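The lines below spell out each chain.
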Amino acid sequence: MREIAAPDHPVPLLPPAVKPGDTIGLFCPAGPIRSMQSVTQGIDCLRDFGFHIKVAHELQEQTDPHAYLSASDVDRAEELQQLWQDDEVNALMAVRGGFGCLRLLELLDFTMFHDDPKLLIGFSDLTSLLAAIHRKSGLITLHGPVVSTLANSDRSSRQRLFTYMTGDYSSCPGNSDVKILRSGTATGPLIVGNLTTLIHLIGTPYEPEFTDAILVLEDTGEAVYRIDRMLTQLSCCGKLHQPAGIILGNFDNNPGIPYDDIQYHHLCDRVLALTEECNCPVWSRYGIGHGTFNLALPYGMKGDMSSDGQLRLHPEQAGSTGSRSL
């Protein structure tokens, strides 16, 4: 195992914003492409925003149903590093999630992300990369749609992604469905991601710093009892008692089959029970997850949970490297 010489808990670093005319590098750090059509449609969305596209290798659909990785660990790590070190590439966006990012972490040189900060965008299995990169380099990343989900994301999700990519964090509107389960206010850096993926970082050098953070969770393809099991594990590890606040996003039994009201109510009740002693504010129905509604959030940026159910961001409290020129 290669030892990574990079500091833990570094100062948060906000990467340069991008603008129309800049180049987005597309990479496949996890599962293979299953639908080239969805990828092509996502690329069209990025071009509609005015971005140029660059890939390290030709994007191809995988027809082998048993393949669950887009390439070998070494090849996927090299693809990421090649695009990151490419001066023509201003930001990187994952093509899809699936599984595989966890296998890359011990192959990456995390000093690269601090020394040459760029915007990294993705969600789901990308949670491993977002968490590890922030833990080791301090870089703020963007939890949001991947290329293969971009075209199917609703208009507000696409617009928010573009707004944040171009550096405007002045507003962070949620959605009208947000419910305040336990009132109160909280301030802290955002830990945003897939619950299953975050659980598998516990006990590793890459696990997030939960203390005084705002924990935003979503998941897909997991029955309620499995989510209960993972939340209980977080509690047993002491992690669920550490955040300043908790926000629950979307959860589903299978993609396209969200929890019904009874299932979601059970999930909320379990979180409230597990956090009763710490009494932190808890919200539900926030618009992140594997559905069409997937609002981008900056992983590692400081935010406020206000008493009125609004999440407000503080980009001015992160170190900034300015913006890139064309």
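Note that the coordinates shown come from a computational prediction; the quantities given were computed from them, not determined experimentally.

Calculation rules
Residues numbered from 1 in each chain as written. Predicted model: local features only at pLDDT ≥ 70, side-chain atom pairs only at ≥ 80, totals over all residues. Heavy atoms only, no water. pLDDT = per-residue confidence, 0-100. Contact = heavy atoms within 4.5 Å. Buried < 20%, exposed > 50% of the residue type's maximum accessible area, 1.4 Å probe, protein only. Helix = DSSP H or I, 4+ residues; strand = E, 2+ residues; numbered from the N terminus. Pairing = 2+ DSSP bridges. Axes fitted to C-alpha atoms, helices over the stretch in contact; angles between N-to-C directions. Salt bridge = Lys/Arg side-chain N within 4 Å of Asp/Glu carboxyl O.

So, the confidence of the model for the protein chain
Line of reasoning, step 1. Taken residue by residue, the protein chain gives an average pLDDT of 93. The fraction at 70 or more is 93%.
Line of reasoning, step 2. pLDDT under 50 marks residues 1-6. Its contacts with residues more than four places away, or in other chains, come to ten contacts.
Line of reasoning, step 3. Long-range and interchain partners of residues 322-326, a stretch whose pLDDT sits below 50, account for 16 contacts in this model, where long-range means more than four residues apart.

What to know about the pairing of strand 5 (residues 119-122)
Line of reasoning, step 1. Side-chain alternation along strand 5 places L119 and I121 on one buried face and L120 and G122 on a second face that is also buried.
Line of reasoning, step 2. In this sheet, strand 6 (residues 141-143) lies alongside strand 5 in parallel orientation, the contact comprising two bridges. Paired with I121 across the strands is L142, a residue of strand 6.

As for the sheet that holds strand 2 (residues 23-27)
Line of reasoning, step 1. Taking strand neighbours across the sheet as the criterion, the six strands line up as 3-2-4-5-6-13 in an open arrangement whose pairing is mixed. This sheet does not close on itself; its edge strands, each paired only once, are strand 3 (52-55) and strand 13 (297-299). Mean inter-strand twist for the sheet, computed between neighbouring axes without regard to direction, equals 30°.
Line of reasoning, step 2. When strand 2 meets strand 3, the two strands line up parallel, connected through four bridges. Note on strand 3: the bridge partner recorded for G25 is K54.
Line of reasoning, step 3. The sheet contacts of helix 2 (residues 73-84) involve strand 2, strand 3, strand 4 (91-94) and strand 5, and relative to strand 2 the element is tilted by about 175°.

Structural notes on the pattern of salt bridges
Line of reasoning, step 1. Following the criterion strictly, the structure yields nine salt bridges and no others.
Line of reasoning, step 2. With its nearest N and O atoms 2.6 Å apart, the salt bridge here joins D86 to K54. A residue pair is termed long-range when its members are at least 10 positions apart, and D86 in the loop between helix 2 and strand 4 and K54 in strand 3 qualify at 32 residues.
Line of reasoning, step 3. When its relative accessible area of 18% is taken as the criterion, D86 is described as buried.
Line of reasoning, step 4. Among the salt bridges present, the one from R270 reaches D228, with a minimum N-O distance of 3.0 Å. Here R270 is found in helix 9 (residues 261-274), whereas its partner D228 is found in helix 8 (residues 224-236), with 42 residues between them in sequence.
Line of reasoning, step 5. Under the relative-accessibility criterion, R270 is labelled partly exposed at 25%.
Line of reasoning, step 6. A single salt-bridge network, built from bridges that share partners, covers K54, D86 and E88.

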